[in-house]
Amino acid sequence: TGKKIPEQMQSYKDKFVAGCVANGCEKFEAEKIWNKIEVFAGYSFNLSHAVEYSLIGYQTAWIKYYYPLEFWTVSLQHADDDEIPKRVAELQKFDRIKLYGPDINKSQSTFYTDWDENAIYWSIGRIKHVGEVTLTAIAKEKEKNGEYFSLEEFVRRNRGQAVNSRVVKHLIYSGCFDQMENIDHPLARNKLMDKFAELYRVGAPIVTGK
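Heads up: these notes are all about the structure in this document. For clarity, every value in this text was computed on a predicted model and none was experimentally measured.

**Comments concerning the overall build of the protein**
A tally of helices and strands in the protein yields 8 helices and 3 strands. Counted from the first residue to the last, the protein has its helices and strands arranged as α-α-α-α-β-β-β-α-α-α-α. At 29 Å, the protein has a C-alpha radius of gyration far larger than the 17 Å of a compact globule built from 210 residues. Reported as C-alpha extents along the three principal axes, the dimensions of the protein are approximately 95 × 40 × 30 Å. In the protein, which comprises 210 residues, the share counted as buried stands at 33%. Residue pairs at least 24 apart in sequence account for 49% of intrachain contacts in the protein once pairs closer than 6 positions are excluded.

**Remarks on the pattern of salt bridges**
Two side chains that carry opposite charge are able to pair once their charged atoms sit near each other. Evaluated as defined, the whole model comprises 8 salt bridges. Among the ionic pairs, Lys-106 bridges to Glu-117, the shortest N-O distance being 2.8 Å. Within this pair, whereas Lys-106 is found in the loop between β1 (98-100) and β2 (112-114), its partner Glu-117 is found in the loop between β2 and β3 (119-121), the two being separated by 11 residues in sequence. Taking relative accessible area as the criterion, Glu-117 reaches 27% and is therefore assigned partly exposed. Note that Glu-141 is salt-bridged to Arg-157, the shortest N-O span being 2.7 Å. You can see Glu-141 sitting in helix α5 (residues 132-145) and its partner Arg-157 sitting in helix α6 (residues 151-157), a full 16 residues away along the chain. Across the pair, Arg-157 and Glu-141 agree in class, each one buried. One connected set of salt bridges, linked through shared partners, spans Glu-141, Glu-153 and Arg-157.

**Quick notes on the packing of aromatic side chains**
Considering all chains together, one arrives at 10 aromatic pairs under this definition. The structure contains a cluster of three or more aromatic residues connected by ring pairs, namely Trp-62, Tyr-65, Tyr-66 and Tyr-67.

**Digging into the sheet that holds β3**
As summarised here, the arrangement of the 3 strands in space is β1-β3-β2, forming an open sheet in which the pairing is mixed. Only two strands of the sheet have a single neighbouring strand rather than two, namely β1 and β2. On average, each strand axis in the sheet is tilted by 25° relative to the strand beside it, whichever way the strands run. In this structure, β1 lies alongside β3, joined through 3 bridges in parallel fashion. By the bridge assignment, Tyr-100 is partnered in β3 with Tyr-121.

**Here's the deal with the nonpolar core**
Judged by nonpolar contacts, the single largest core of 23 residues is most densely connected at Ile-104, Leu-151, Phe-154, Leu-171, Ile-172 and Phe-177. Counting residues per element, the ones that place at least two in this core are α5, α6, α7 (165-174) and α8 (189-201). In this structure Phe-154 touches Ile-104, Ile-138, Tyr-148, Val-163, Val-168, Leu-171 and Phe-177, once residues within four positions along its chain are discounted.

Thresholds, definitions, all that
- Residues numbered from 1 in each chain as written.
- Predicted model: local features only at pLDDT ≥ 70, side-chain atom pairs only at ≥ 80, totals over all residues.
- Heavy atoms only, no water.
- Helix = DSSP H or I, 4+ residues; strand = E, 2+ residues; numbered from the N terminus.
- Rg over C-alpha atoms; globule rule 2.2 N^0.38 Å.
- Buried < 20%, exposed > 50% of the residue type's maximum accessible area, 1.4 Å probe, protein only.
- Contact = heavy atoms within 4.5 Å.
- Salt bridge = Lys/Arg side-chain N within 4 Å of Asp/Glu carboxyl O.
- Phe/Tyr/Trp six-rings, centres within 6.5 Å; stacked < 30°, edge-to-face > 60°.
- Pairing = 2+ DSSP bridges.
- Axes fitted to C-alpha atoms, helices over the stretch in contact; angles between N-to-C directions.
- Core = buried A, V, L, I, M, F, W, Y, C linked by side-chain atoms within 4.5 Å.

Here you go:
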């Protein structure tokens, strides 16, 4: 930063040269030393960063190769929303790793690693309008009474403001109930939405969100 501010650099030079002279160094020698320091300052910052980035790049490549499942789970979890598509595209080049959409029984608040299937399940926490309170309510109910087996059962067991109709709709459209409801195509989720609407119409025990 100092190199970009001539006045600041000059003040440091004056102090450096004066200090050298006070310690018995010839002024021209002190200035030669300072000139070398200035030249080094021109590339030392970039050099140090280049070395550090190289080390990080090597370590990342090593983990990516030997521990791909762990690497990609963490990579997806910490990626910003606009970075996700690029990472998914790269992950799909790895035949040995499967990437599944969100599943109400297997997915968690973060991206979940399934060691048996050598797969990663999409994070429910990444679904729009599904916040921490909702995630906690769903997880506690599942932990207490076991997995869910149908949309109707899920609605019945998760009643209250924490899991409102807006949340359920986003869970449906994101594919959280595809496996248990035998949904084999995204468009088929519309039928599941109709089913949920009917459940709600006849008084399903779930509260709408504001």
